[in-house]
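Each chain, letter by letter, is given below.
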Amino acid sequence: MAPGIPTITLDPRSNRPVYLQIAHALMSEIHRGRFRPGDALPGYRTLAQGLGVSRNTVMAAYRELSDEGWLVAAPGEGSTVAPTPPRRLPGTSETPPGPAAELTGAGMGFDLRRPPDPAVPDAARNLLRVATGNPDPRLLPGAALARAYRRALTVNPRGTLAVDDPQGHPTLREALARTLRAARGVAAAPERLVVTRGGQLPLALVAHALLGPGDAVAVEALGARDAWEACARAGARCLPVPVDAQGLDVDTLERLLSTERLRAVLTTPVRQYPSVVALSPERRARLLALAARHRFAVLESEHDAEFQFEGALPPPLAAEDRAGVVVLVGSLSKIFSPGLRLGFVHAPAPLVAQLRSARDALDRHGDPALERAMAELLEDGEIERHLNRMHPIYRHRRDVLANALSEHLGAALTFDPPTGGLALWARTREGLDVDAWARRGLERGVAFQAGRQFAFDGGAVPGLRIGFSNYGDAELVEVARRMAEALPEGQ
């Protein structure tokens with residue numbers, strides 16, 4: 001790519017010669033990182049024309065830069081930024097932060113609301129990441145997806161790219177509605193669906209449309225922090241409700257209703273996140289009855305519903321909703337890869353109108369090519385075939401990890417192999433410091449999620465979550481071995 005014209009403002013009233021104004025402006029551009037070591041600088045004639053000066057003036061500026069060590073020039077090859085340009089700008093007494101520090105935010109001139117969560121160190125080599133249950137990108141049906149994407153862009157590009165509907169591409173909404181009706185028992189309709197990018201944006205749109213400052217939202221006390229933050233960003237107050245072996249504690253929720261006017265309840269009833277338990281039938285019925293009586297919304301989020309290995313997958317609450325209280329939030333990203341960002345909301349029509357407005361403001365056009373391609377994959381059965389191929393693979397990987405954990409960590413962990421999904425939840429023995437274990441795990445090349453990461457109050461939780469879908473047999477056995485090596489001493 002040809003070098004761009006630097007941003008240089010010449011001051012005709014300055015006592016400094018024009019060539020020095022140009023030279024000092026280029027020094028500043030190099031220092032702030034606009035031009036990096038080895039980058040080509042514009043040619044004499046190009047820069048002269050862009051600035052409206054003579055070629056000789058630019059040549060004089062470049063000589064000044066060369067003399068000061070900012071650039072190197074090779075005959076016939078032009079001028080490039082020096083491998084190690086000076087750290088100090090002319091006329092300054094201090095050495096300001098270099099380009100690398102500025103680009104990484106070290107020189108940020110404002111305060112963060114709170115320190116970011118510590119990230120997994122990038123320097124860790126051969127790190128086995130089982131902190132989340134994501135599909136294995138090596139199993140992506142790339143050829144089928146590429147064909148669908150190509151047809152979306154070539155067969156009828158106007159019908160794909162010219163669609164301007166803040167609810168998402170109509171063809172995908174039609175296909176999604178048929179899938180929800182056939183596979184999940186939801187009385188879905190295209191006009192009640194809103195398609196978005198990714199799995200987080202749907203809930204953010206719902207929170208934006210439904211919640212306001214001071215509104216009370218009941219959330220599972222063990223859950224997804226990004227979901228709580230989506231509600232909090234809308235100004236809502238999140239009130240934690242305990243989770244046990246039968247899912248959300250509806251008794252506690254009912255007592256909460258005696259003191260709070262709830263606007264919504266955020267829950268994962270089919271496969272609770274992260275504990276993977278299902279909300280019991282009795283609690284499902286009571287939750288829907290309470291929502292109808294107290295007129296609050298049930299924000300139902302589904303996790304890994306596409307993957308069920310044994311038994312029947314419970315239907316979403318949306319399939320049993322007769323009062324129009326359930327808002328179903330789902331994602332298509334777990335089918336193929338989290339990098340293919342598509343999510344959806346199925347909601348009562350009045351809320352859909354507000355969701356349209358919210359999406360129009362935040363992400364009007366979405367990704368119409370991907371939406372149209374995904375619609376084709378749903379329509380021709382490719383997604384169903386892919387899921388059928390993945391089920392035995394992921395079930396086998398679940399069993400491999402479960403057996404390896406039992407062999408290497410049987411005294412430290414107890415768990416029930418999940419009947420579906422892409423991760424398992426394990427309980428730790430009493431007194432085991434799970435947080436220290438997770439930190440030591442990183443040092444030994446394995447990343448898993450300690451229970452504290454899912455606790456609403458940030459307190460210690462005697463459990464952890466391990467994904468099994470994105471690695472093969474040998475790697476999963478190695479995960480268990482490294483975890484065993486990482487056990488805190490004396491525990």
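Small disclaimer: the values here were computed from a predicted structure and weren't measured.

Caption draft 1: Quick peek at the overall build of the protein. Across its full length, the protein holds 17 helices and 17 strands. In terms of its C-alpha atoms, the protein occupies a principal-axis envelope of roughly 85 × 60 × 50 Å. Relative to its 491 residues, the protein shows a buried fraction of 49%. Pairs at least 24 apart in sequence give 71% of the contacts found in the protein among residues at least 6 apart. Roughly 23,400 Å² of accessible area belongs to the protein as shown, and the carbon and sulfur atoms make up 52% of that amount. For the protein, the distance from the average position of its 58 positive side-chain charges to the average position of its 56 negative side-chain charges is 3 Å.

Caption draft 2: A look at the nonpolar core. Within the largest apolar cluster, 85 residues are counted, with the highest numbers of intra-cluster contacts made by L253, L262, F296, L405, W437, L464 and M483. Among the elements that take part in this core, helix α15 (residues 382–409) stands out by supplying 10 residues, more than any other. Not counting residues up to four positions away in its chain, the partners in contact with L262 are A216, V217, A218, L239, L253, L256, L257, R295 and F296. Core analysis: the next-biggest nonpolar cluster, separate from the first, contains 36 residues, A234, C238, A264 and L266 among them.

Caption draft 3: Highlighting the pairing of strand β17 (residues 463–467). Where burial is concerned, most of β17 is hidden: 5 out of the 5 residues are buried. Burial along β17 is two-sided: the face carrying G463, R465 and G467 and the face carrying L464 and I466 are both buried. Alignment of strand β16 (residues 449–450) against β17, held across 2 bridges, turns out to be antiparallel. Directly across from Q449, in β17, lies its bridge partner R465.

Caption draft 4: The arrangement of the sheet that holds strand β9 (residues 262–267) in detail. Pairing in this open sheet of 7 strands is mixed, and the strands run β4-β12-β11-β10-β9-β5-β6 from one edge to the other. Whereas interior strands pair on both sides, the edge strands pair on one side only; in this sheet they are β4 (193–196) and β6 (237–241). In this sheet, adjacent strand axes meet at a mean angle of 20° when their direction is disregarded. Lying on the sheet, helix α7 (residues 170–184) is in contact with β4, β11 (326–331) and β12 (343–346); it crosses β4 at an angle near 115°. Across the face of the sheet, helix α13 (residues 349–363) comes into contact with β4, β11 and β12 while running at roughly 20° to β4.

Caption draft 5: View of helix α10 (residues 250–257). Among the residues of α10, those classed as buried are V250, T252, L253, L256 and L257. An end-on view of α10 places all buried positions within 155° of arc, on one side of the element. Elements in contact with the buried residues of α10: β5 (216–220), β6, β8 (247–248), β9 and α11 (281–294). For α10, the N-terminal capping position is held by D249, with its side-chain oxygen 3.1 Å away from the main-chain nitrogen of D251.

Caption draft 6: Quick look at the pairing of strand β14 (residues 423–428). Extensive coverage of β14 is indicated by the burial of 5 of its 6 residues. The sheet contact formed by β14 and β17 spans 5 bridges and is antiparallel. For A423, the partnering residue across the bridge sits in β17 and is G467.

Caption draft 7: Expanded view of the packing of helix α8 (residues 201–210) against α13. The interhelical angle for the contact between α8 and α13, taken along N-to-C directions, is 115°, at an axis separation of 9 Å. The orientation of α8 with respect to α13, classified from their angle, is roughly perpendicular. Taken as a pair, α8 and α13 cross one another with a handedness that is right-handed. Two secondary-structure elements touch here, α8 through L201, L205, V206, H208 and A209 and α13 through L351, Q354, L355, A358, R359, L362 and D363. A breakdown of the residues in the contact of α8 with α13 according to their chemical character gives 8 nonpolar, 2 polar and 2 charged.

Caption draft 8: Representation of the pattern of salt bridges within the structure. Per the stated rule, a full pass over the model turns up 31 salt bridges. A salt bridge links R398 to E310; the nearest nitrogen and oxygen atoms lie 2.7 Å apart. Of this pair, R398 sits in helix α15 while E310 is found in the loop between β10 (297–301) and β11, placing the two residues 88 residues apart along the sequence. The class of R398 is buried, set by a relative accessible area of 5%. The class for E310 is partly exposed, based on a relative accessible area of 33%. Among the ionic pairs, R389 bridges to E382, the shortest N-O distance being 3.1 Å. Residue classification places R389 among the partly exposed residues on the basis of a relative accessible area of 39%. Among the ionic contacts, a cluster of salt bridges with common partners joins D251, E254, E282, R286 and R293.

Caption draft 9: Representation of the packing of helix α1 (residues 18–31) against helix α3 (residues 55–67) within the structure. Taken N-terminus to C-terminus, the directions of α1 and α3 make an angle of 50°; their axes are 8 Å apart at the nearest point. When the interaxial angle is binned, α1 and α3 end up oblique. Relative to α3, α1 is oriented so that their crossing is right-handed. Contacts between α1 and α3 pair V18, Y19, L20, I22, A23, L26 and M27 from the former with T57, A60, A61, Y62, E64 and L65 from the latter.

Caption draft 10: Unusual backbone geometry, seen in detail. Between Y273 and the following residue, P274, the backbone shows a cis peptide bond with an omega angle of 15°. When you line up the elements, P274 lands in the loop between β9 and α11. Here the phi dihedral of V276 falls at roughly 65°; this positive angle occurs in a residue that is not glycine. Inspection of the secondary structure puts V276 in the loop between β9 and α11. Given a relative accessible area of 22%, V276 falls into the partly exposed group. You will see that R295, though not glycine, has its phi angle at about 55°, which is positive. Its location among the elements puts R295 in the loop between α11 and β10.

About the criteria used
Per chain, residue numbering runs from 1 following the sequence as it is written. Reporting of local features is limited, given that this is a predicted model, to residues whose pLDDT is at least 70; pairs of side-chain atoms are given and counted only at 80 or more, and all residues count toward the totals for whole chains, interfaces and linings. Note that the side-chain values use all heavy atoms of the structure and ignore hydrogens as well as water. Where helices and strands are cited, they refer to DSSP runs of H or I of at least four residues and of E of at least two residues respectively, numbered from the N terminus. The rule is simple: take the accessible area with a 1.4 Å probe, protein chains only, and divide by the maximum for that residue type; under 20% is buried, over 50% is exposed, in between is partly exposed. For this analysis, residues touch if any pair of their heavy atoms sits within 4.5 Å. For the area figures, the Shrake-Rupley method with a 1.4 Å probe applies, and any residue is considered shielded solely by the protein chains shown. Working convention for charge: Lys and Arg count positive, Asp and Glu count negative, and His plus the chain ends are omitted. Here the site of a charge means atom NZ of a Lys, CZ of an Arg, CG of an Asp or CD of a Glu. The criterion is simple. A nonpolar core is a set of buried Ala, Val, Leu, Ile, Met, Phe, Trp, Tyr and Cys residues joined through side-chain atoms within 4.5 Å. A pair of strands is labelled paired if DSSP reports no fewer than 2 bridges between them. Every axis in this analysis is a line fitted to C-alpha atoms, fitted for helices over the stretch in contact. Angles between the N-to-C directions lie between 0 and 180 degrees. Arc definition: it is the arc formed by the directions from the helix axis to the C-beta atoms. N or O atoms within 3.5 Å of each other form a polar contact, as long as, within protein, one can give a hydrogen and the other can take it, and as long as residues adjacent in sequence are counted only when both atoms are side-chain atoms. The scheme is simple: roughly parallel for angles under 35 degrees, roughly antiparallel for over 145, roughly perpendicular for 65 to 115, oblique for anything else. Less than a right angle of anticlockwise turn of the near helix away from the far helix marks a crossing as left-handed, whereas a clockwise turn marks it as right-handed. Each residue is assigned to one class: nonpolar for Ala, Val, Leu, Ile, Met, Phe, Trp, Tyr, Cys and Pro, charged for Asp, Glu, Lys and Arg, and polar for all the others, Gly among them. Salt bridges are defined as contacts in which a side-chain nitrogen from Lys or Arg sits within 4 Å of a carboxyl oxygen from Asp or Glu.

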